[in-house]
Amino acid sequence: MRRHLLLCAVVGCAPVIDAGPIPAVRAAAPVRTLTLPATDGEVVYLAAMVAAGSARDPVGHEGIAALTARALADAGAGDRDARAVRDALYTVGTELTVHADRDWVSLRMSCPALAVTACVDLFADALVVPRFDSADVTRLRDDAVYAVTTGLLTDEEALAHAAFEGLLFEGHPYGNPVRGRGGALAALDPDDARAFHRTQYVRESVLVGLAGAWTADAKLHLETRLQSLPTDRHPDVPVRTPPAVTGRSLLGIDTETPVTGFVLGHPIAVDRAHPDYAAMWVATTALGSHRQTFGRLFRALRTDRGLNYGDYAYIEPHGALPQHHPRFQMWIRPTSVENGPFALKLAVLELERWASAGLDEEELEATRAWLSRTLPLAVRDPDRQLAQALRAAASGVDLSVAAQRSALGAVTLSSVNAALATHIRPDDLLMVAVSGEADALVAALTEDAATPIVYSDVTPDAAAAERDEVVSQSDVQLQEAWTRPAQGVFR
Amino acid sequence: MHELLAAAVLWLPLSATAAVPQATSTTLDNGLHLVIIPMSHTDGVVAWQLRMDVGSGDEVQTGRTGFAHFFEHLLFHGSQATPRAARERALLALGVEENAWTWFDQTVYHAVVPADSLADYAALEADRLSGLHLTADIVRREAGAVYGEYRKGQADPMTVLLDRAYETAFTTHPYGHSTLGLLADIEAMPDGLDTALAFHDLYYRPERATLLLAGDVDPASATALIEDRLGAWEPGTDKPPRVPVEPRQRAARRVEVAWPTATAPLLSLSWKIPAHHPDAFADNAALSLAGMLLTGATGSLTQRLVHDDKHAYAVLGWSGSLRDPGLMNVIVRLREDADVTAVEAIVREEVAALGEAVDPARLAAAQARVAAMQALGSDDPVLVADAHGDALFPGTDLDTNAARNALLDAHTGAVDVPAAVRTHLIEAHLTVGVLRQAP
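Just so it is clear, the model here is predicted, and its values are computed rather than measured.

1. Re the state of the cysteines
By definition, a disulfide links the sulfur atoms of two cysteines through a covalent bond.
Residues and elements named next belong to chain A.
Right, on to step 1. Going through the model one piece at a time under the given rule, you end up with one disulfide over all chains.
Right, on to step 2. The residue that forms a disulfide with Cys111 is Cys119, at a sulfur-sulfur distance of 2.1 Å. Across the S-S bond of Cys111 and Cys119 the torsion is about 90°, and the bridge reads as right-handed. Of the two residues, Cys111 and Cys119, both sit in the buried class.

In structure tokens form, the structure reads like this:
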């Protein structure tokens, strides 16, 4: 059993930010370093966030941000080629995990404390002196081309999400898959990655952190290595408003898989810094929290009717790094083709009821209690605490457990329901279906016909049958609907 | 409620060493095995894992494949006293995040629990374990959710290829069918109330359960708490049916899958390997290291197929530690223009080379990585509970696992990787699977 050097409840571990929050005022200032109280454990956690996500892809170079990020870890760095980097990481027992998102790129490494010097060098090499060796960049590029073309076709749920974002942000930098589009990707080369790195990975755009059993020497070593990042100003990227969603439209993507799944929603203005965030967080959790069974959607579609495996709602994509352009979205996991129309109608009716009637006091209190009590679980170890602290610094929002609990505590029934009325627009919905019978789905939903649920051996009681009949007879009121084949969506 | 294979993609099923926090082990009077791992820096958080000793590898009844996993879903419907909706309200108030998964040998109910909710959560668990209440209607509706899960899996070429490879490799043992079950049996699940009740009565007994608690727990008070909450869970009286032994495989087998849409070809090579058992620990450890030396970031196959010859996008490997003899799998996601036959030959070459000799430096690196990886999971109570839970099987305990892990250690280990490869990774034990787009 180990002891703590610093007695520090998970809740109370306020990060120590050494060089001030983003935005930095001087490009030549040292890279901002954030530390959590050191422990006497056996692991040091290193992490960085870089404002170099796919929203910064130049037109015609879609995918360069993600390719550059992946190449940091897997195309050589410093004195080592890619194989030597892999061998060095392997021997230390660690991995450099890189995640590229819309606005940010994250790098994470867990390191045995005894090997911290070697880890800091590997981490800093990746950030500061990546080599972008040609064969490795080409391999990573080919891998990305496969992922956004053929690979997506074998994962209809990922395809639905990607297509939804593509339509929702059409003509906007968020409209491209983070990994890029097939045609632009295929033309990228190592020099493109070098140029992107040279302009985007500068002191001003990088935020690093240490947690776990870090030492002052390790921190100094990391900071010294990062002094080699350029002092150039980080290029400004104008924040463009996403296109508005007006009316209800449905894209049916035709696949060979005999299932139908949906993603639907619209942009909202509520990010973490918005005063209505906590109210919308509570409301959306009540509608359907990721992988939890208590939400309204889950109960209506899965628990009560066995239509599919799960149904959830979000105001920020699950697991995403901070993003400038939040959206409200619902995820209806694959149902049978025959029940696809009914599932969408039921989901839309639940959305309408939620948006118009809001929550009641009991639902509000139960949801608030769960969110408030589970906050410490999400930061239960130094790795998660560091990731959260970096997100907070990157977004300029206090994400400590205490601050989030305080925000949740201030939510009232009227503030939740007012936020719903303000931000959720059930009449303006973009919907994407991925279906083995997309044409039939669109036809069923545009013909204003009954689309009864087909149960497997279940005979609902009279009340349930009556409720189902209401759903079956309802009209999604599509203003526009069309289909397209899955092949080539992001070619 | 299903995370099939999610934790099985590494070659590191062998865990729980001195590097991770110290565990204590107790068996209650009713047979429940309790493992407690206190972690001083996890203030207010406890990882809960209830591991039931039943999975799809126990499904011997004709027409009821997939039932262990289906039952996992059904347990979430609660008891007569606390049915599903009331249980969900209780979980909201307690601030618990829970889920479950099923695989060949186990069904695992896991949760992250605020420490001050542990007593109430234990009571909720005891309530559903002893007093599960099912109706025909509940069973019928839940069957729809399982069907949805099956449909999703069938859209994934890797899932389909491995299902077919296991079907081909196992002619008798229930490892031959997937944990989700055969389609015809999934379609029959709506009628499964009687089977579900009998399944609960037979398998959901304390002597078939291991409860792991990791994090902010005091062993003495937590043991008393679990005795109080789960001590009344009644042991079973009937023995489960015997699981048939897979006949010895004497020749290589092959299965081909034609995929209806565009996909990169997939190649799997799967060899029969010994069960996870103290009698086979030397081979278990050697084959784990063999897997690391072949696949993963620095494996010889990864280097050759992905980096040198550019035949493949990725090389994956996994085996899992199983109660009965299972498979060690190497899976290659080929580039579209790669020659499947040539790649298959390269895999055989690299395996044969490992059977002749192992580079001492690479073996030492693999052993060092095992030690480092064990340390790296030591701060998260969920990973600590996973590590201990994955290592505990019938016939093993904390002491035997410590002895097994010593075999992996660079300083104390005396594993003979080439000998294990020559003995087990041979043609007579091999099943080859190929999936490619239909012409």
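Continuing now.
2. Some remarks on the environment of Gln385(A)
Residues and elements named next belong to chain A.
Right, on to step 1. Looking at the element boundaries, Gln385 is found in helix α13 (residues 382-395).
Right, on to step 2. Taking relative accessible area as the criterion, Gln385 reaches 13% and is therefore assigned buried.
Right, on to step 3. Taking the C-alpha atoms as reference points, Gln385 and Ala47, 338 residues apart in sequence, are found 11 Å from one another.
Right, on to step 4. Here Val379 takes part through its backbone oxygen, which lies 3.1 Å from a polar atom of the side chain of Gln385.

3. Structural notes on the packing of aromatic side chains
Residues and elements named next belong to chain B.
Right, on to step 1. A complete count under the given rule lists 24 aromatic pairs over all chains for this structure.
Right, on to step 2. Consider the rings of Trp103 and Phe104, whose centres lie 5.1 Å apart with planes at 25°: the pair is stacked.
Right, on to step 3. Using a relative accessible area of 11% as the deciding quantity, one classes Trp103 as buried.
Right, on to step 4. For Phe104, a relative accessible area of 5% puts it in the buried group.
Right, on to step 5. A centroid spacing of 6.4 Å and a plane angle of 55° characterise the contact between Tyr147 and Tyr150, whose relative ring orientation is tilted. Placement of the pair is Tyr147 and Tyr150 together in helix α4 (residues 136-153), with a separation of three residues, close to one helical turn.
Right, on to step 6. On the accessibility criterion, Tyr147 (27% relative accessible area) is partly exposed.

4. As for the side chain of Glu344(B)
Right, on to step 1. In this fold, Glu344(B) is placed in helix α11 (residues 340-356).
Right, on to step 2. When near neighbours in sequence (up to four residues on either side) are disregarded, Glu344(B) contacts Arg254(B), Leu267(B), Leu269(B) and Val432(B).

5. Let's talk about the domain arrangement of chain B
All names here are of chain B.
Right, on to step 1. Along its sequence, chain B is carved into domain 1 (23-230) and domain 2 (253-437).
Right, on to step 2. Measuring from the centre of the C-alpha atoms in domain 1 to the corresponding centre in domain 2 gives 28 Å.
Right, on to step 3. With 42 residues of domain 1 at the contact, the number on the domain 2 side is 45 residues.
Right, on to step 4. Together domain 1 and domain 2 conceal approximately 3,300 Å² of surface at their shared face, both sides included; 71% is due to carbon and sulfur atoms.
Right, on to step 5. Applying the counting criterion to the domain 1 and domain 2 interface returns three salt bridges.
Right, on to step 6. With its nearest N and O atoms 2.8 Å apart, the salt bridge here joins Asp58 to Arg323.
Right, on to step 7. The tally of links between domain 1 and domain 2 comes to 13 residue pairs in polar contact (both at pLDDT 80 or more).
Right, on to step 8. Contributions of two or more residues to the side of domain 1 that touches domain 2 are made by β1 (24-27), β2 (33-38), β3 (45-52), α5 (157-169) and β6 (209-215).
Right, on to step 9. Per element, the largest residue contribution to the side of domain 1 that touches domain 2 is 10 residues, and it comes from α5.

6. Structural notes on the domain arrangement of chain A
Residue and element names in this part refer to chain A.
Right, on to step 1. What the domain assignment lists for chain A is domain 1 (31-226) and domain 2 (248-485).
Right, on to step 2. Each of domain 1 and domain 2 was reduced to a C-alpha centroid, and the two centroids are 31 Å apart.
Right, on to step 3. Of the residues lining the interface, 35 residues belong to domain 1; the matching set on domain 2 comes to 38 residues.
Right, on to step 4. When the two sides are added together, the surface that domain 1 and domain 2 hide from each other amounts to roughly 3,100 Å², 74% of it contributed by carbon and sulfur.
Right, on to step 5. At the junction of domain 1 with domain 2, the criterion picks out three salt bridges.
Right, on to step 6. One salt bridge connects Arg327 with Glu165, and the closest N-O pair in it is separated by 2.4 Å.
Right, on to step 7. Where domain 1 packs against domain 2, one counts nine residue pairs in polar contact (both at pLDDT 80 or more).

Calculation notes
Residues numbered from 1 in each chain as written. Chains lettered and ligands numbered in written order. Predicted model: local features only at pLDDT ≥ 70, side-chain atom pairs only at ≥ 80, totals over all residues. Heavy atoms only, no water. Disulfide = S-S within 2.5 Å. Buried < 20%, exposed > 50% of the residue type's maximum accessible area, 1.4 Å probe, protein only. Helix = DSSP H or I, 4+ residues; strand = E, 2+ residues; numbered from the N terminus. Polar contact = N/O pair within 3.5 Å; in protein donor to acceptor, adjacent residues only side chain to side chain. Phe/Tyr/Trp six-rings, centres within 6.5 Å; stacked < 30°, edge-to-face > 60°. Contact = heavy atoms within 4.5 Å. Domains from an automatic or database assignment. Buried area = accessible area lost by both parts, 1.4 Å probe. Salt bridge = Lys/Arg side-chain N within 4 Å of Asp/Glu carboxyl O.

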